[in-house]
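# Per-entry structural report
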Amino acid sequence: MTALATIRPRRARGIGRLAAKPLGGRTRLAELFQEGSAKIRLPHTFSAEMEAVIINTSGGLTGGDEMSWAIDAGRDCHVTATTQACEKVYKASAGTAAVSTRISVASGARVDWLPQETILFDRASMTRRLEVDLEAGAEFLGLEAVLLGRKAMGETMATGLFRDRWRIRREGRLVHAEDLRLEGDIPGIGKAHAVLGAQVAFATVLYCGPRAEAYLARVRQVLGDASGGASQWRDKLVVRLTAADGYALRKILIPVISVLRNGAPVPKVWNL
């Protein structure tokens, strides 16, 4: 009698790459690659920039899933990338979901990386990595927002793993690095004032570009008495926010993003 083969659940895999080039004063598509669960859609815009909506057709992530995204903005291009919806990370029976994003921005170009929130359910396990390479004169606006469960649905993330790693380089020189790790007793860790102060929604917004100093006062004015703050050094501006739930987080995130986009609204797929 032959031994029964071990039955393993199928895992989602996806690779999506987008390259943009300038043509006739507008940002146009140079290359588009999609594989597996990764899809990219380019809705029509009435401006010179390109808006890209990335989609995970698997409907969410769980242990062992792997997604990889890449965006390359050519000289003088402007690409705004977002997600179709919030990314949901479900309970992992085994393994860890892995998501990686690589962004390259040429001189005179700009990329706004504005995904909607990542929702972590109880016992979720996820690692995420963001790598950005900027040439001289390039601009980058990046956002990552996280919800520890959905408060309105009575859901919490009691335990699990979430790791987030950012590396931003300009002309090969590291200008921003951070690593976040939440593991085990998530509510217990989050109670500390130096962590989340018992809040369950949080976000980091990063702008790298020549207008960082000019944006600082306006961002702080918009923040008002929100739980968080903004700091600036040379051509880098960082905003940290926490909130009681996703709705409260969006209410402050949207005006902050608009300031850092020179008054332009958030992508069309965002809504309150």
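Coordinates for the structure precede this section.
Structural notes, computed from the coordinates. Just so you know, these numbers come straight off a predicted model, no measurement behind them.

How each quantity is defined
- Residues numbered from 1 in each chain as written.
- Predicted model: local features only at pLDDT ≥ 70, side-chain atom pairs only at ≥ 80, totals over all residues.
- Heavy atoms only, no water.
- Helix = DSSP H or I, 4+ residues; strand = E, 2+ residues; numbered from the N terminus.
- Buried < 20%, exposed > 50% of the residue type's maximum accessible area, 1.4 Å probe, protein only.
- Contact = heavy atoms within 4.5 Å.
- Salt bridge = Lys/Arg side-chain N within 4 Å of Asp/Glu carboxyl O.
- Pairing = 2+ DSSP bridges.
- Axes fitted to C-alpha atoms, helices over the stretch in contact; angles between N-to-C directions.
- Expected span 1.5 Å × (residues − 1).
- Arc of directions from axis to C-beta.

The subject of this paragraph is the overall build of the protein chain. On a plain count of helices and strands, the protein chain comes out with three helices and 17 strands. Counting only C-alpha atoms, the protein chain reaches 70 × 45 × 35 Å along its principal axes. A burial count over the protein chain gives 49% of its 272 residues as buried. By sequence separation, contacts in the protein chain at least 24 residues apart represent 71% of the contacts at least 6 residues apart.

The subject of this paragraph is the pattern of salt bridges. Applying the stated criterion across every chain yields a total of 17 salt bridges. Arg150 serves as the salt-bridge partner of Glu155, at 2.8 Å between the closest nitrogen and oxygen. Several salt bridges converge on common partners, so that one network encompasses Arg110, Asp112, Glu139, Arg211 and Arg261.

Before going further, it helps to spend a moment on the sheet that holds strand 5 (residues 66–73). The seven strands are arranged 2-1-5-8-11-13-14 in an open sheet whose pairing can be described as mixed. Lying at the two open borders of the sheet, with one neighbouring strand each, are strand 2 (26–36) and strand 14 (173–185). Shown here is a sheet whose adjacent strand axes are inclined to one another by a mean of 5°, direction ignored. Bridge count for strand 11 (residues 125–134) against strand 13 (residues 159–170) is ten bridges, and the pairing is parallel. Across the sheet, residue Arg128 finds its bridge partner in strand 13, namely Asp164.

Moving on: helix 2 (residues 212–223). Across its twelve residues, helix 2 extends 16 Å between first and last C-alpha, which sits within 8% of the 16 Å expected from 1.5 Å per residue. Three or more residues of helix 2 are buried, namely Ala212, Tyr215, Leu216, Val219 and Leu223. Buried positions in helix 2, seen along its axis, are confined to an arc of 120° and lie on one side of it. What points out from helix 2, more than 90 degrees from its buried face, is the exposed set Ala214, Ala217 and Gln221. Where helix 2 is buried, its residues contact strand 9 (110–113), strand 15 (201–208), strand 16 (228–233), strand 17 (236–243) and helix 3 (246–260). In the segment just after helix 2, Gly224 is the residue with positive phi, at about 55°.

Before going further, it helps to spend a moment on unusual backbone geometry. Of note, Glu171 is a non-glycine position whose phi angle comes to about 50°, a positive value. As for its position among the elements, Glu171 is in the loop between strand 13 and strand 14. A residue is classified by how much of its surface remains accessible, and Glu171, at 61% relative accessible area, is exposed. You will see that Asn262, though not glycine, has its phi angle at about 60°, which is positive. Looking at Asn262, the relative accessible area reads 41%, which means it is partly exposed.

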